[in-house]
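What follows is the residue order along each chain.
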Amino acid sequence: MMRTLLIAAVGILLGVLPAQAQPQEEFLPLTTPVELAEGENETEVDELIFRGGVEIAPDKAGIGGISSIEWHEDQLYAVADDGRWLVMTPEDVAGRLVDVSSVSIGDLRDAKGGKLGSKQRGDAEAITRLASGEWLIAFEQDHRIWRYAEYGGAATGSESGADSLIAAIADANGGIEALAAYDGGLLVCGEWADPARPNCLRITAAGAQTFHLPAPAGLAEVGGTPTDAACKPDGTCYVLFRSFTPGYGNRAAIVALCPDADPETLAVLAPPLMLDNFEGLAVREAQGRTFLYLVSDDNFRNCETKPGDGCQRTLLMKFEIKGEPAEAVPATPEAFAAAPTSRPGTRPFPDAASVSVVIKTELGPITIALETERAPITAGNFLRYVDQRRLDGTAFYRAVRLESDPQPNGLVQGGTRGDPKRILPPINHEPTSQTGLTHTHGSISMAMNAPGTADGDFFIMVEDQTGFDADPTASEPAWRAGFPVFGYVTDGMEVVAAIHAAPRNDQAGEGVMRGEMLAAPVTIISARRAEASPPAP
């Protein structure tokens, strides 16, 4: 049986709320995984691939009124229609959204720092972040766009570039619903569909250009209107349309606006898919892929099926935009020689006794200092495999690529892969809380299914992943024990980086490991203790 590395993104890479936001409330929400289509993991709808979703249960903070979201620094920043801002931390496992690890909520403020008070003043409907670091928030009923130098701080001014669009608003409850900034421009859209009144404009250094963006087929027939937008830095924007019509339920669509090109409908989401009143859209780019997040402001279907106080709940879903398959190009250590990834690991106790081992791979050598003093059991276990030549002819077979900064980020895994002819009896490792070692860049640790099952598989970290360390306060035994660091790469991280970047087989692997197996595993030719340096003359 293949030995699996227990990778759980929840709790490993938690984002940090900016200090200036001064949250009114921060808590761990109750969530439940959801599917877009019953019984399907990766539903494809037109040009989108469903990559997981969660239902956030009603709570005492009442977060159900989310109107708009923006991706920034691994978190979703949002505004609600009751005059509040939110920060949500989504968590992925193997690229799928599986949880929201925290929610922070605070009050939006006016220029004097006061709360916005009434629904008329606080009905926030759109948010975006400018390249300058400023935030823009659009409000309806009292129609305006305000600037904020700090997220959660006092308003610092107004944005007047969209005044011509605001002047066309004819309904107190149908104002500016979409703000999306990009390098050198801003997209603004209003919540109406009448072609006689252009509903969008682009603001650039050349001025403001209004235009009408119609709802796509499948939504136009049921009154679809723009409700949020998000742009990539190059000016490629995505506009979310939504509709709710009795007898038809909730529907949504996403339209791509590429510079100097006609609008393209990426997908129309309609029953029987799991849908709600999707109002928020955010775009995220990672490792050459583009992801879209949708969030609901559910004041229709959920209250029909679960009437009563607090019936609102929130759906958060993640999608990937299909792309042209990239040609797999083998990576070489030379390509990473000058990259930050090639820097060696740092031993936290450089004066502690250690034994150096050279893992010779088909891409080049990797030298590791085994922490025989700080982690004698785990380092000794690895030396047994080295001295008995049980690693010769094995391979690095897995590359986990995490979407966190800095990039590239993740780990590579290799070893005996559960081969009964190679593995030795498993060990009970020393926890990092005892050894003082930690899963920082270049560290080497043992893979296992549970505490006491580590044998001949190991992994090397690319950038820091200290969430793998032991957590004595954790309720789960696996996370109390953590994974056992037993050494650090002192030379050859450019080889590790090349293994990490090597082409993978999208179909290989089981469970969370699916898509993480290398298309061509990198052979470990030998693993030997390093020859001692001759004494200085």
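Please refer to the structure placed before this passage.
Reading the values: rules and limits
- Residues numbered from 1 in each chain as written.
- Predicted model: local features only at pLDDT ≥ 70, side-chain atom pairs only at ≥ 80, totals over all residues.
- Heavy atoms only, no water.
- Helix = DSSP H or I, 4+ residues; strand = E, 2+ residues; numbered from the N terminus.
- Buried < 20%, exposed > 50% of the residue type's maximum accessible area, 1.4 Å probe, protein only.
- Contact = heavy atoms within 4.5 Å.
- Areas by Shrake-Rupley, 256 points an atom, 1.4 Å probe, with all protein chains shown as cover.
- Phe/Tyr/Trp six-rings, centres within 6.5 Å; stacked < 30°, edge-to-face > 60°.
- Lys NZ or Arg CZ within 6 Å of the ring centre and 35° of its normal.
- Core = buried A, V, L, I, M, F, W, Y, C linked by side-chain atoms within 4.5 Å.
- Pairing = 2+ DSSP bridges.
- Axes fitted to C-alpha atoms, helices over the stretch in contact; angles between N-to-C directions.
- Disulfide = S-S within 2.5 Å.

Asker: Looking at this model, I keep getting lost on the overall build of the protein. Mind explaining?
Answerer: The helix and strand tally for the protein stands at 7 helices and 32 strands. Within the span of the protein, comprising 537 residues, buried residues form 54% of the whole. In the protein, 62% of the contacts between residues at least 6 apart in sequence involve partners at least 24 apart. Entry remark: accessible area of the protein is about 22300 Å², with carbon and sulfur atoms responsible for 51%.

Asker: Would you explain the packing of aromatic side chains in this entry?
Answerer: The geometry of an aromatic ring pair is captured by two quantities: the separation of the ring centres and the angle between the planes. Under the criterion given, the structure shown has 14 aromatic pairs. A cation over a ring is seen here: Arg144 above Trp146, with NZ or CZ 4.2 Å from the ring centre.

Asker: Sorry, what's going on with the nonpolar core here?
Answerer: By size, the foremost hydrophobic cluster in this structure holds 46 residues, and its most contacted members are Ile359, Ile366, Phe382, Phe396, Phe458 and Phe486. If we ignore the near neighbours within four places in the chain, the residues touching Phe382 are Val357, Ile359, Leu370, Leu391, Ile444, Phe458 and Phe486. One finds Leu36, Ala230, Ile254 and Phe319 within the second-largest nonpolar core, a separate group that totals 26 residues.

Asker: Honestly, helix H7 (residues 493-501) in this entry has me stumped. Any pointers?
Answerer: Structurally, the α-helix is built with 3.6 residues per turn, so residues lying three or four positions apart point the same way. Across the 9 residues that make up H7, a large majority, 7, are buried. The set of residues buried in H7 consists of Met493, Val495, Val496, Ala497, Ala498, Ile499 and His500.

Asker: Where do I start with the environment of Ile203 in this structure?
Answerer: Mapped onto the elements of the fold, Ile203 is located in strand E15 (residues 200-204). Here the alpha-carbon distance between Ile203 and Gly184, two residues 19 residues apart in the chain, equals 8.5 Å. If we ignore the near neighbours within four places in the chain, the residues touching Ile203 are Glu159, Gly161, Ala162, Gly184, Gly185, Leu186, Val188 and Ala208.

Asker: What should I look at first to understand the sheet that holds strand E19 (residues 249-257) in this one?
Answerer: Picture the strands of a sheet paired through backbone hydrogen bonds; they go either parallel or antiparallel. Spatial strand order, E17-E18-E19-E20: 4 strands in an open sheet with antiparallel pairing. Only two strands of the sheet have a single partner each, and these edge strands are strand E17 (225-231) and strand E20 (264-269). The mean angle between the axes of side-by-side strands here comes to 20 degrees, regardless of whether they run parallel or antiparallel.

Asker: I keep staring at the side chain of Ser243 and nothing clicks. Help me out?
Answerer: Relative to the assigned elements, Ser243 resides in strand E18 (residues 237-245). With residues up to four places along the chain from it excluded, the contact list for Ser243 reads Leu219, Val222, Gly223, Gly224, Gly249, Asn250 and Arg251.

Asker: Hey, could you run me through the state of the cysteines in this one?
Answerer: Covalently bonding the sulfur atom of one cysteine to the sulfur atom of another cysteine gives a disulfide. For the coordinates displayed, the defined rule picks out 2 disulfides. At a sulfur-sulfur separation of 2.1 Å, the disulfide partner of Cys189 is Cys200. Measuring the twist about the S-S bond at about 110 degrees, one finds the Cys189-Cys200 disulfide to be right-handed. Here Cys189 is found in strand E14 (residues 185-190), whereas its partner Cys200 is found in strand E15, with 11 residues between them in sequence. The residues Cys189 and Cys200 share a single accessibility class, namely buried. With a sulfur-sulfur separation of 2.0 Å, Cys231 is cross-linked through a disulfide to Cys237. Sign of the S-S torsion, about 100 degrees for the bond between Cys231 and Cys237, identifies this disulfide as right-handed. Each of the two residues, Cys231 as well as Cys237, counts as buried.

Asker: What am I meant to see in the sheet that holds strand E11 (residues 144-148) here?
Answerer: What the 4 strands build is an open sheet, ordered E9-E10-E11-E12; its pairing is antiparallel. Looking along the sheet, the strands with just one partner apiece sit at the ends: strand E9 (124-129) and strand E12 (155-158). Strand-to-strand, the axes of this sheet are offset by a mean angle of 30 degrees, without reference to chain direction. Bridge count between E9 and strand E10 (residues 135-139): 5 bridges; the pairing is antiparallel. From the neighbouring strand, Ala126 faces E10, where its bridge partner is Ala138.

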